[in-house]
Amino acid sequence: MCRRATGSAFAVLAWVPSPDLTWVDATPAYRRSSPIAQRGFCPACGSPLSLAYDVSPGEIALHVGTFDDPARLEPRYNYGSGQRLGWVCCGVDLPHRETEERW
């Protein structure tokens, strides 16, 4: 799901409580990316901004590459690593969490 949504080998996401999130300049546009989640994107340029699972309305994932200082947000685990492409070696030493998603 992340590869299709981002056009990349994987997505780097920072999970935050959704009630704590405030969009400063404009609210993202949203699209349903699968039967279980929706994704936010910039309506002006199309950049992917967020991921929100229907079953977890209290949290939202933000794409780390969109932050002003993404270097401060180091990944803590891999999610869906069973679907990792064979040539991806980034973060292989991090803990893994599996997913049943196949979208």
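Reading the values: the criteria
- Residues numbered from 1 in each chain as written.
- Predicted model: local features only at pLDDT ≥ 70, side-chain atom pairs only at ≥ 80, totals over all residues.
- Heavy atoms only, no water.
- Salt bridge = Lys/Arg side-chain N within 4 Å of Asp/Glu carboxyl O.
- Helix = DSSP H or I, 4+ residues; strand = E, 2+ residues; numbered from the N terminus.
- Buried < 20%, exposed > 50% of the residue type's maximum accessible area, 1.4 Å probe, protein only.
- Contact = heavy atoms within 4.5 Å.

Peer 1: Before we move on, could you go through the pattern of salt bridges and cite the residues and values that matter?
Peer 2: Tallied over the entire structure, the rule returns two salt bridges. Residues Asp-54 and Arg-32 are paired through a salt bridge, measuring 3.0 Å at the closest nitrogen-oxygen approach. Of this pair, Asp-54 sits in the loop between strand E4 (48-53) and strand E5 (59-63) while Arg-32 sits in strand E2 (residues 29-34), placing them 22 residues apart in sequence. On the basis of relative accessibility, which here comes to 40%, the residue Asp-54 falls in the partly exposed class. The exposure class assigned to Arg-32 is partly exposed, which follows from its relative accessible area of 46%. With a shortest N-O distance of 3.6 Å, Arg-72 and Asp-69 are connected by a salt bridge. Given a relative accessible area of 39%, Asp-69 falls into the partly exposed group.

Peer 1: Explain the environment of Val-16 to me, using residue names and the numbers behind them.
Peer 2: Here Val-16 is to be found in strand E1 (residues 13-17). Placed 45 residues apart in sequence, Val-16 and Ala-61 show a C-alpha to C-alpha distance of 6.3 Å. Setting aside chain neighbours within four positions, we find Val-16 in contact with Gly-58, Glu-59, Ile-60 and Leu-62.

Spatial relationships are all this shows, so hold off on functional conclusions.
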